[in-house]
Structure formats: structure tokens, C-alpha cells
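Inside the fold
What follows is the residue order along each chain.
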Amino acid sequence: FQLYERASTVPEKSYTRGDWQKGYESLKQEYDYWIDDIEGQIPSELQGTLFRNGPGLLDINGQYIHHPFDGDGMISRITFNNGRAHFRNRFVRTAAYLEEQKAGKILYRGVFGTQKPGGWQKNAFDFNIKNIANTNVIYWGGKLLALWEAADPHCLDPQTLETLGKEHFNGVLSEGEAFAAHPRLDPSCGENDGEPILVNFSIKPGLSTTITIFELDSTGKVVRKHAHSVPGFAFIHDFAITPNYCIFFQNPVAFNPIPFALGLRGAGECVKFQPNQPTRIVVIPRTPPTKGGWGVQILETHSGFVFHHANAFEVEDEIVIDSICYESLPEVESGSNFRQVDFDALKPGHLWRFNLNLKDKTVLSKSIVNHCCEFPTIHPNNVGRPYRYLYMGVAHTDIGNAPLQAFMKVDLESGERQIWSAAPRGFASEPVFVPRTPSKGGEDDGWVLALVYNSEHHRSEVVILDASDFTKEPIARLHLKHHIPYGLHGNFTSQ
Ligand code: 3ON
Ligand code: FE
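Anyway, here's the lowdown on the structure attached to this text. (Residues numbered from 1 in each chain as written. Chains lettered and ligands numbered in written order. Predicted model: local features only at pLDDT ≥ 70, side-chain atom pairs only at ≥ 80, totals over all residues. Heavy atoms only, no water.)

In this section: the coordination of the iron ion (ligand 2). Coordination of the iron ion (ligand 2) by the protein comes from His182 (NE2), His237 (NE2), His308 (NE2) and His489 (NE2), over a distance range of 2.0 to 2.1 Å. Coordination geometry of the iron ion (ligand 2): the four donor atoms subtend angles of 95 to 154 degrees at the metal centre, consistent with an arrangement described as irregular. Summarised as a motif, the one-chain spacing of the donors to the iron ion (ligand 2) is H-x54-H-x70-H-x180-H. Of this pair, His182 sits in the loop between β11 (163-166) and β12 (184-189) while His489 sits in the loop between β34 (476-479) and β35 (490-493); the two residues are 307 residues apart in sequence, bridging distant segments of the chain. Assigned by exposure class, His182 and His489 land together as buried. (Donors = N, O, S within 2.8 Å, 3.2 Å for Na, K, Ca; no water. Tetrahedral: all angles 85-135°; square planar, octahedral: opposite > 155°, others 65-115°. Helix = DSSP H or I, 4+ residues; strand = E, 2+ residues; numbered from the N terminus. Buried < 20%, exposed > 50% of the residue type's maximum accessible area, 1.4 Å probe, protein only.)

As C-alpha cells, then:
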């Protein structure tokens, strides 16, 4: 059982690896309290609930998991009510979570390299991967859904966060069938009288890959579902939508299942980046065409790896899409410990804009933000539409790769950037934009909410930034009684 490193003092760095590492300690306790340690003031117009998901356990009873993406999903719920805020967290009671907690040891392999103890002999030919429900959480159609892209969603009670069971949308999904962790909310769907629609997908990889698209109306009913096959293996984590299209980046990767089958590596560690092959961009119409085939288009651009897209929109014959691109998919060494990661040895993600010309099938790409970044987010009304402002987690400085410690607001029209940083002891996460209601009009009229891990006190805080001005100090900082391990995604609901 390894101890955390002492914080080393490298003067030119905005963080120490020792501080960063502590944010990956498990949070075992489940809390339920009104937040009373507050700097500043919670705006009284901020009403609703922020749900967050992410790995809550980085060990099972002292046995380390191999990678944070293998950690059991834990939901945090911060409810804002008349200037006060309430916190609650609960683990998703997946079948595997309950079994492992009861047994007090790792019983399942994880996609990112967690193995059952006992070496490869104990793991070989075990294809039974646990559904850890750890990637996203969204309230839609009266249901709170915890999502993990390789299997079915879990449905939770939005008040108590109690796990109610797996969600199959009235039989639309079958047991174990995937439903991705990156739904997009179309604020106004033409096919459904301008009503909001949730669009999501699933990936079934193989020698060719099946991409299935789901559209759910605001009652949670699946109103459209269609599947398409594209050539080659694909690892697709996120997508983007416009009023007429779904856009997927099929980054150049190959899958060699043998080390996984032999119990040597997790399935996700068998995905190998192919630097000399292009990225394929798959454009699928959202509604069936009146005649002929579906008209799925595949365009090509340079090699790279994209986890997350910021947004996409249509302009005449073009689709514009903004995405966070890496030069390659970092490979997790099977013997390595993610806590010892050398940030400087990895390439940062940068924000790029791609112009897809659907007429002549060409792609133009240009770099927009050359600053290590992740987790882009925008005003919900602009999803799929032209937009001006983007918010994301960034490193403290614009040089090289480093943990996220700050938040950036980008004005895509003027090119202006504003940063609020929690460095040197604070570490950032995915920001969420919450519009002010009623709105005074501007696209940036609202707040950006995010969890920040404060390594000085080993506690996390909810930071409320004024979205119209990141150069100001936060409007409020809500200090929690404990830390929350670095998470993945979440959503705000005003309901
Ligand atoms: O592609 C195949 C199909 C598939 C669905 C093979 C496969 C085994 C790789 C697979 C499974 C994929 C899974 C389970 C992916 C899960 C991803 C996950 C839990 C998180 C991804 C997070 C991405 C990013 C960019 C996180 C960044 C985090 C930070 C900057 C640090 O806070
Ligand atoms: Fe994601």
C-alpha cells in the first residue's frame, strides 16, 4: 500500500504532484447536510440542482484499482434553494458495487486495467466487466440516470439518490445494452414541434462498428432509434449534434483483444493509436430521409484523438465542430500507477475548429486554443447552433501539459480569453453553465458552477463564477466538509 509522495517544490510549476494525487483518494462516506461554510453569497436567483458523477472509490477495501475510469460511480447532488445549498452524495448501487463491498475485495476486471488479484491466471478469459455507472448523470423525462458508455444506465431517485434499478426505456434497450455517457440536449427539435429532445448514442465495436442513435422526448419516451454500421473498429466517447445531424469522430485506433483475453490487460488498454492513419468523421442524419438510403457521410481529417466535443452547428453546406484534440491516445502502461503520471511526458489537449464541407467532402481544421484544456461546455440554448462563448477546465499556464487548475471563458467572436485559476493548491473539473432566469439577454448571462478540489484542506468546494466575467473573484465558494475525488461529468436541472 503506497504512501502519497511528499509535495516536492519545483518552483516553476503551478502545482505539486503530491497535492494533485490526494484528489484521487477514495471518498467512502455518504453525506447529507446543508452547506454552512460559504464565502461570498449564493445568488438567490440560482435555483435548481447540480448533479455530478465520477469515480468515488479508487480502492476496494485497500486494493487499488488500476485507473480512475474504473472507479465505482458516486453521485453528488448540490441543491440551490433561496440562497442556501444542500449537499448529498451516494454511490450508485450497481450489482458489482454491492458484491465487491460485501466481499471486501476486487471481484471484477475493469475496462482500464483493474484486475482481480492473483495475476493473469485469475483474469484470463473473464469477459465479465462491471458496469460502474461512473461517467455522467442527467435528469431527463422525470428520471435521474447514471451513465457509463459500455452498458445500460442506472435509474436513481433524484431526491435521495437511492439506486432504483437499470433503465431500459420501456424495453428499447436490452439487458446490458450500451447507452453512451454523452447525451446532448437539443433545445428545440424541429421534428417535435420545437420541444427539447435528448439525443444519445451507443457504440457496438467489432471489425465494423454499429452506431445507434436514440432520441428521447421530455417524457423520457424514445421517439427515434436508428442504427448504422461503419467500417472498422471505433472507440467513440462523445459526439455532437446539430438540428439535422449527429457527428462522430472515428479516431484512428486498432484493437488487439489478445492481451485482454489472456488476462494481461484491460480491454481499454488494448486500444492502440494509429498515428499514420486519418481520423474519419461520420455524419449521420437525425431523421430518415424521404427516399433512398440514410445518406451517412464519412469525411477524413488528420490523425489525432478526441474525447470531447464542445459544440457543432450548420452554416449553409458546412458543419462547424469544435473539439478537444490530442496528438495521440495516451497508452496506459499495464504495470504503471496512474498516481505517478508524469504530466510533462504527455501531450495536452487543445481546442480545434473543424469545418466539414458536406458538398465537396473536405475538412478544414484550425487550432483555436493552444492551452491544455478539457471538459468544454456552453449555454444550453446554443447546443447545435452558432454560439459565441465556451467554458472549459484548463491548466494554470498555457505551456505544456498539466492538471486542470483553472477555468477559461473563450469568446469565439473576438478571440478574448479570461481565466480564473485555483492554483497552486486547487484543482479544477468540468464547469457547468447555468443561465440566469429570467435572462437579461446575453449568451453569458448566468453562472459557471464547478467542483474544485482544495488540496490545502483536503476538501472540495463548489465554486460559483459569474459567467459574464471570469476576471472577477467567484461570486461564492461553498466549502464542503470533505473532498470529492476528481469527477467526470454532470448536469444542472432547474426542476
Ligand atoms: O471502443 C470499445 C467500446 C467501448 C465502449 C472498446 C472499449 C472497451 C474501449 C469501450 C469502453 C469504453 C469505456 C468504458 C470508456 C469509459 C470512459 C470514461 C469512464 C471516461 C473518459 C474520460 C475522458 C477524459 C478526457 C477525462 C479527462 C479527465 C481529466 C482531465 C482529469 O480530471
Ligand atoms: Fe466524457
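All right, on to the site of ligand 1 then. Near ligand 1 you find 19 residues, and of these Phe69, Glu149, Ala234, Phe235 and Glu374 are the closest. Taken by itself ligand 1 offers 790 Å² of open surface, and the protein chains cover 88% of this. Secondary structure elements with two or more residues in the shell around ligand 1: β22 (305-315) and β26 (373-377). Each residue belonging to the shell around ligand 1 can be placed in one class, and the counts come to 13 nonpolar, four polar and two charged. (Near = heavy atom within 4 Å. Areas by Shrake-Rupley, 256 points an atom, 1.4 Å probe, with all protein chains shown as cover. Nonpolar A, V, L, I, M, F, W, Y, C, P; charged D, E, K, R; others polar.)

Quick look at the sheet that holds β12 now. A sheet is described by the order of its strands in space; here four strands give the open sequence β12-β13-β14-β15, paired in antiparallel fashion. At either margin of the open sheet sits one strand with a lone partner, and together these are β12 and β15 (222-231). Strand-to-strand twist in this sheet, taken as the mean axis angle between neighbours without regard to direction, amounts to 25 degrees. The pairing of strand β14 (residues 208-216) with β15 spans nine bridges and is antiparallel. Pairing of Ile211 across the sheet is with His228, part of β15. (Pairing = 2+ DSSP bridges. Axes fitted to C-alpha atoms, helices over the stretch in contact; angles between N-to-C directions.)

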